Amino acid sequence: MPFRHFPKHQFTTMTWKNGGGITHEILRQPETASDWQWRISIAEIQQDGPFSVFPGCDRALTLLSGAGMTLHFADRVDVMNTVYDTLRFNGEETVEAVLSDGLTTDFNAIWQRNAVTITLERRA
């Protein structure tokens with residue numbers, strides 16, 4: 001598979017679906033569709049609050065910088081406090097994020113589970 005470069009100045013910056021933060025969208029497929037099958041982005045989380053809900057989707061987050069956060073789900077609590085910690089969950093789940101100590105950035109993949117499957121891997 002060929003490599004493709006994604007310059008930061010070409011990212012699309014948008015407000016979160018729930019209005020609680022910003023996302024720098026790197027790519028979506030199809031690229032111009034509002035009803036995408038998958039998308040990847042980098043989110044800046046500046047304050048505690050809920051995540052947007054994405055029915056029919058699966059999600060994966062990887063912590064890129066900051067002290068991390070605690071994610072409160074209806075049935076569990078997950079802590080992401082080390083760079084490159086990764087968590088996968090259903091887009092329908094209600095998630096409340098509590099930041100550990102200020103700004104956190106994370107890499108996000110969201111995909112329609114009936115269309116594709118995405119796996120995040122970190123390679124050194």
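Since the structure is predicted, the reported quantities are computational estimates derived from the model, not experimental observations. (Residues numbered from 1 in each chain as written. Predicted model: local features only at pLDDT ≥ 70, side-chain atom pairs only at ≥ 80, totals over all residues. Heavy atoms only, no water.)

Colleague: Please provide a residue-by-residue account of the pairing of strand S3 (residues 38-45), values included.
Modeller: By the bridge criterion, seven bridges tie strand S2 (residues 22-29) to S3 in an arrangement that is antiparallel. Of the residues in S3, the one forming a bridge with Gln29 is Trp38. (Pairing = 2+ DSSP bridges. Helix = DSSP H or I, 4+ residues; strand = E, 2+ residues; numbered from the N terminus.)

Colleague: Quick rundown of the sheet that holds S3? Include the residues and the values.
Modeller: Taking strand neighbours across the sheet as the criterion, the six strands line up as S1-S2-S3-S10-S5-S8 in an open arrangement whose pairing is antiparallel. Of all the strands in the sheet, just strand S1 (12-15) and strand S8 (86-90) have a single pairing partner and so form its edges. Across the sheet, the mean angle separating the axes of adjacent strands is 25° when strand polarity is ignored. (Axes fitted to C-alpha atoms, helices over the stretch in contact; angles between N-to-C directions.)

Colleague: Lay out the nonpolar core with the relevant residues and their values.
Modeller: Phe51, Leu61, Met69, Leu71, Met80 and Phe89 are the most contacted members of the largest nonpolar core, which has 15 residues in total. Within the residue set of this core, elements represented by two or more residues are S3, strand S5 (57-65), strand S6 (69-72), S8 and strand S9 (96-99). Apart from the residues lying within four places of it in its own chain, the contact partners of Phe89 are Phe51, Asp58, Arg59, Leu61, Phe73, Arg76 and Val95. In this structure, Phe11, Ala60, Ala109 and Ile118 belong to the second largest nonpolar core, which totals eight residues. (Core = buried A, V, L, I, M, F, W, Y, C linked by side-chain atoms within 4.5 Å. Buried < 20%, exposed > 50% of the residue type's maximum accessible area, 1.4 Å probe, protein only. Contact = heavy atoms within 4.5 Å.)

Colleague: Tell me about a nonpolar patch on the surface, and name the residues and values.
Modeller: On the surface, a nonpolar cluster with roughly 240 Å² of combined accessible area is contributed by Leu64, Val83 and Tyr84. Position of Val83 among the secondary structure elements: in the loop between strand S7 (77-80) and S8. (Patch = residues over 30% accessible without salt bridge, like charges linked within 9 Å, V, L, I, M, F, W, Y side chains within 5 Å. Areas by Shrake-Rupley, 256 points an atom, 1.4 Å probe, with all protein chains shown as cover. Salt bridge = Lys/Arg side-chain N within 4 Å of Asp/Glu carboxyl O.)

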